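Coordinates in review
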Amino acid sequence: MTPSDLLSILPLLVLVVWACALLLVDLWLKRKGVTAFLAALGLALTAGLALAQAGEETTAFGGMVALDGFASFLNVLFPLSGLLGIAVAYGYLKRMNIERGEYYSLLLFSTAGMMLMAHAADLVVVFLALEFLSLPLYVLAAFARPRLDSEEAGLKYFLLGAFASAFVIYGIALIYGATGTTSLSGIVAAIEAGSLGTSGLLLTIGAALFLVGFGFKVAAVPFHMWTPDVYHGAPTPVTAFMAVGAKAAGFAALLRVFVTAFPALDADLTPVVWVLAALTMFVGNVVAIAQTNIKRMLAYSSIAHAGYILMAFVAFGNPATRADAVASALFYLVTYALTSYGAWAAVIALEKQDPSAGSGQAASGLEINDFAGLGRRRPALAAAMTVFMLSLTGMPPTLGLVGKFYLFRTVIEAGQVWLAVIGVLTSLISAYYYLRVVVVMYMREGAPETTREPWLDFTWAVSALATVILSFLPMALFAWASAAGVMGF
Amino acid sequence: MDFTLLLFFLLAATAVATALGLLLSRNAVYAALFLVLNFATVAVFYLLLGAPFVAMTQVTVYAGAIMVLFLFVIMLLGAEKLPKGEALPWQRPLAIGAAVILFAEAVYLLVQRVRLTAALPDPGTWENSMESLRQMAGMLFTDYLLPFEVTSLLLLVAMIGAIVLTKGERAVRS
Amino acid sequence: MSIPLSWYLLLSVALFCVGLFGVLSRRNAIAILLSVELMLNAVNINLVAFWRYLDPARMAGQAFAVIVFAVAAAEVAVGLALIIAVYRRRKTVVADEIDLMKW
């Protein structure tokens, strides 16, 4: 280990040390607002350091981690998503009587795990990063205890997560057996040397198990069953953080490993990914129609969006479209992160503790019908929510349209026109349930009680503005994502 | 018949039998004890393979610490009973289907297609000696330094998580 | 005669499938967690066998196996804490009553 090793993962190190220190400092802090502020400061510092690293390309720790465009792009995205995670949680935790300092430390640890995932250039690190980002999330999902649905969400998320990581690690073990190494560059070298012989099949099985395990993590059909219950039961700010961060980290791992190590398995894996993407888009969008609860609806919407991002993977095998595949997937992740955080913030604004139920009971204000009359009561919030719904559908003038455009273009360039057609058709289906929320907000009478909290209002307002404004100048963002599409390791 | 071969079959039979025992027992304590037995059997495999450090870790950490924690929790909660007929009607056939298909496929692939013929390399002088332990330690603190440090963080997070989840509820204002 | 590598892999697959079956068919959270441990155990057999047969000079496979131990320990700690938390309030860890399988 040399100082340059440490320097190359400096943002990650700073965040980990900050999280540990925060854990201690919190013991002497009476006001948890200070803890929240310190956590946010740490994340901002991390994002700044990661931004300063842009353009560097190196590997460190004997090839275990890589610093390249891909890593530094995601290393800015993850702390920012953590910042929004704190902004939506701050008032909520107080309101729901679950304000404890560990929330912020755990969120910081989870963000650090995601950043490690972005850096990973070795399957051992991929596995450890997966665990490192998941363990805090299991705890956070159960954070609203003694609320029963939250504890159950935590347990369910944990059991499915442990099951999924068993698949991932079994896959990694087989890949190790086939190639004799776990480093991504070593795997490529072994494949290119052509010495695999019959154990090439072992490699394919390993890759398939790896895909199954991460299929659970990013909530792709048919590995999505846990998603609605967990998203529904977990405290809403945690759901927002989970929906954005864990999904993005899962896709980061898949992108990195598929694009750098598995292009040779293209012929075997592309059909599998094709079917997964089509199924995920279809099931996610169709089942979402039947939901009456906004959290469950957004959970199915999150499943459907995993399908859209999976579409980009059909282009991973072709060297001509590979960089575009990564760039459009990353661009869509940013789009989804902004929009989804905004939508969850709006849900949090309407959520309240059910006064009729005991202290151990669930929250109320989460039915889609509870949005009735929001257009009159809170015009700005309703307008923002309309923007998010339009963006999730992929309609102008929002970033969602641009993101889908890039995705479909990549898919068509890869020659998979039918998959793009399925994507467009399922987007049309999704318009039905997204626009229903808009109709309920403006056309139905009602008197929703909403919460006004400065940070929450800040989140949805900024997300809505960014969703609209960035849609008019997407080139800068896309150029940055394209720079991230080039992976060195 | 060769002694190692006999040993292998005996151990493999024990490992599978204890795994099935875990599956079929209706008492969580028995299930956990079957798993302890399974782990101990697998530890002997590691010795056969010439990995004494992993074998000892398996016994102390896995069969020892982790499983004792399991037994402790089961008995603390009084949750020994695993009720019969617990599965949903569609669930058991599905599970059997998934497991059997996967197993059959794996056997077919391994035996018919993959044909791993790697010969057992000669046991060097390092086998079952202090030298292998030294190499192992060297590996953990050079090539695997970063993963090693991340595991320590992982254990820290697990500790915080366990405390957050089980801390008395008085800490929560309600 | 020495034992072929594929026998170890077969043993590992067998244990993995038993664990898989356990996770899918059981609804008691403790039984599910025990089955997951069995699956991780199967992974380690693979790792050590691959190390011994393919790459005995480097200790990578063994080091990986040790890391899997540590991860399993961390997972179990969090999992059992969750089980205790749910059990305290529910007096059950049977997953159907906690809606685990309401997929």
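Residues numbered from 1 in each chain as written. Chains lettered and ligands numbered in written order. Predicted model: local features only at pLDDT ≥ 70, side-chain atom pairs only at ≥ 80, totals over all residues.

With respect to the overall build of chain C
Broken down by element type, chain C carries 3 helices and 0 strands. Each helix (α) and strand (β) of chain C, taken in turn from the N terminus, gives the series α-α-α. Expressed as a percentage of the 103 residues in chain C, the buried residues total 79%. Of all intrachain contacts in chain C linking residues separated by at least 6 positions in sequence, the fraction that spans at least 24 positions is 48%. (Helix = DSSP H or I, 4+ residues; strand = E, 2+ residues; numbered from the N terminus. Buried ≥ 20, exposed ≤ 12 C-beta atoms within 10 Å, placed from the backbone. Contact = placed C-beta atoms within 7 Å.)

A word on the overall build of chain B
A count of helices and strands for chain B gives 6 helices and 0 strands. In chain B, buried positions account for 32% of the 174 residues. For chain B, the proportion of contacts with a sequence separation of at least 24, taken over those separated by at least 6, is 53%.

So, the nonpolar core
Residues Met117 and Ala141 of chain A, Leu154 of chain B together with Val78 and Leu82 of chain C are the most contacted members of the largest nonpolar core, which totals 310 residues. Counting residues per element, this core draws most heavily on helix H3 (residues 60-90) of chain C, which supplies 22 residues. (Core = buried A, V, L, I, M, F, W, Y, C linked by C-beta atoms within 7 Å.)

Quick word on the confidence of the model for chain C
Residues and elements named next belong to chain C. For chain C, mean pLDDT is 84; residues scoring 70 or higher make up 85% of the total. Here helix H1 (residues 5-25) stands out as the element of chain C with the lowest mean pLDDT, 89, in contrast to helix H2 (residues 29-54), whose mean of 92 is the highest. Overall, residues 96-103 carries pLDDT values under 50, and its contacts beyond four positions in sequence, including any with other chains, amount to 21 contacts. Taken together, the chains of this predicted complex give a pTM of 0.94 and an interface ipTM of 0.92. (pLDDT = per-residue confidence, 0-100.)

Let's talk about the interface of chain B and chain A
How big an interface is tends to be stated in terms of accessible area lost as the parts join. Counting from both sides, the interface comprises 23 residues of chain B and, opposite them, 30 residues of chain A. Element by element, the count of residues in the side of chain B that touches chain A is highest for helix H6 (residues 145-166) of chain B, at 13 residues.

Structural notes on helix H1 (residues 3-24) of chain B
A rise of 1.5 Å per residue sets the reference length of H1 of chain B, with its 22 residues, at 32 Å; its end C-alpha atoms lie 31 Å apart and thus fit the reference within 8%. The elements touched by buried residues of H1 of chain B are helix H2 (28-48) of chain B together with H1 and H2 of chain C. (Expected span 1.5 Å × (residues − 1).)

A few points about the interface of chain B and chain C
Tallying the contact residues gives 72 residues for chain B and 62 residues for chain C. Mapped onto the side of chain B that touches chain C, the elements with two or more residues apiece are H1, H2, helix H3 (52-77), helix H4 (91-114), helix H5 (130-141) and H6 of chain B. Of the residues that constitute the side of chain B that touches chain C, the class distribution is 60 nonpolar, 9 polar and 3 charged. (Nonpolar A, V, L, I, M, F, W, Y, C, P; charged D, E, K, R; others polar.)

A word on the packing of helix H5 (residues 102-119) of chain A against H6 of chain B
Where H5 of chain A contacts H6 of chain B, the two axes come as close as 11 Å, and the packing angle between them is 150 degrees. Considering the angle they form, H5 of chain A stands roughly antiparallel to H6 of chain B. Where H5 of chain A crosses over H6 of chain B, the handedness of that crossing is left-handed. Residues Glu102, Ser105, Leu106, Phe109 and Leu116 of chain A of H5 of chain A touch H6 of chain B, and the partners they reach there are Val150, Val157, Ile160 and Val164 of chain B. The class makeup of the residues in the contact of H5 of chain A with H6 of chain B is 7 nonpolar, 1 polar and 1 charged. (Axes fitted to C-alpha atoms, helices over the stretch in contact; angles between N-to-C directions. Parallel < 35°, antiparallel > 145°, perpendicular 65-115°, else oblique. Left-handed = near helix turned anticlockwise from the far one by under 90°.)

A short note on the packing of helix H7 (residues 148-179) of chain A against helix H10 (residues 226-233) of chain A
All names here are of chain A. Look at H7 against H10: their axes get within 8 Å of each other, and the N-to-C directions meet at 145 degrees. The chirality of how H7 crosses H10 is left-handed. Residue-level inspection shows Asp149, Ser150, Glu152, Ala153, Lys156, Tyr157 and Leu160 of H7 in contact with H10, the latter providing Trp226, Asp229, Val230 and Gly233. A per-class count over the contact of H7 with H10 returns 5 nonpolar, 2 polar and 4 charged.

Some thoughts on the environment of Leu310 of chain A
Residue and element names in this part refer to chain A. Here Leu310 shows up in helix H13 (residues 294-311). Sequence separation between Leu310 and Phe251 is 59 residues; the distance between their C-alpha atoms is 8.4 Å. Not counting residues within four places of it along the chain, the set of residues in contact with Leu310 comprises Ala220, Val273, Leu276, Ala277 and Thr280.

Describing the environment of Gly33 of chain A
Residue and element names in this part refer to chain A. Structurally, the position occupied by Gly33 is in helix H3 (residues 32-52). For Gly33, a count of 13 C-beta atoms within 10 Å puts it in the partly exposed group. Remark: the alpha-carbon pair of Gly33 and Gly91, spanning 58 residues in sequence, is separated by 9.3 Å.

Quick look at helix H16 (residues 379-393) of chain A
Residues and elements named next belong to chain A. For H16, which comprises 15 residues, the first-to-last C-alpha distance of 21 Å matches the rise-based estimate of 21 Å (1.5 Å per residue) to within 8%. Most of H16 is tucked away: 12 of the 15 residues are buried. Listed as buried for H16 are Leu381, Ala382, Ala384, Met385, Thr386, Val387, Phe388, Met389, Leu390, Ser391, Leu392 and Thr393. Lining the buried residues of H16 we find H13, helix H14 (319-350), helix H15 (374-377), helix H17 (399-413), helix H18 (417-443) and helix H19 (454-472). Directly after H16, the chain includes Gly394, whose backbone phi takes a positive value near 100 degrees.

What about the confidence of the model for chain B?
On average, chain B scores 82 in pLDDT, and the residues at 70 or more come to 79%. Below a pLDDT of 50 lies the segment residues 170-174 of chain B, which in the model reaches 5 contacts outside its immediate sequence neighbourhood of four places, other chains included.

A few points about unusual backbone geometry
Residues and elements named next belong to chain A. Here Val221 and Pro222 are connected by a cis peptide whose omega angle stands at 5 degrees. Within the element layout of this structure, Pro222 appears in the loop between helix H9 (200-218) and H10. That bond from Pro396 to Pro397 is cis: its omega, 0 degrees, falls within 30 degrees of zero. For Pro397, the position within the fold is in the loop between H16 and H17. The phi dihedral of Phe61 is positive, around 55 degrees, even though this residue is not glycine. Inspection of the secondary structure assignment puts Phe61 in the loop between strand E1 (58-60) and strand E2 (65-67). Assessed through the 24 C-beta atoms surrounding it within 10 Å, Phe61 is described here as buried. Phi is positive for Asn97, which is not a glycine, with a value near 60 degrees.

Regarding the environment of Val25 of chain A
As for its position among the elements, Val25 of chain A is in helix H2 (residues 10-25). Take Val25 of chain A: there are 15 C-beta atoms within 10 Å of it, and that puts it in the partly exposed class.

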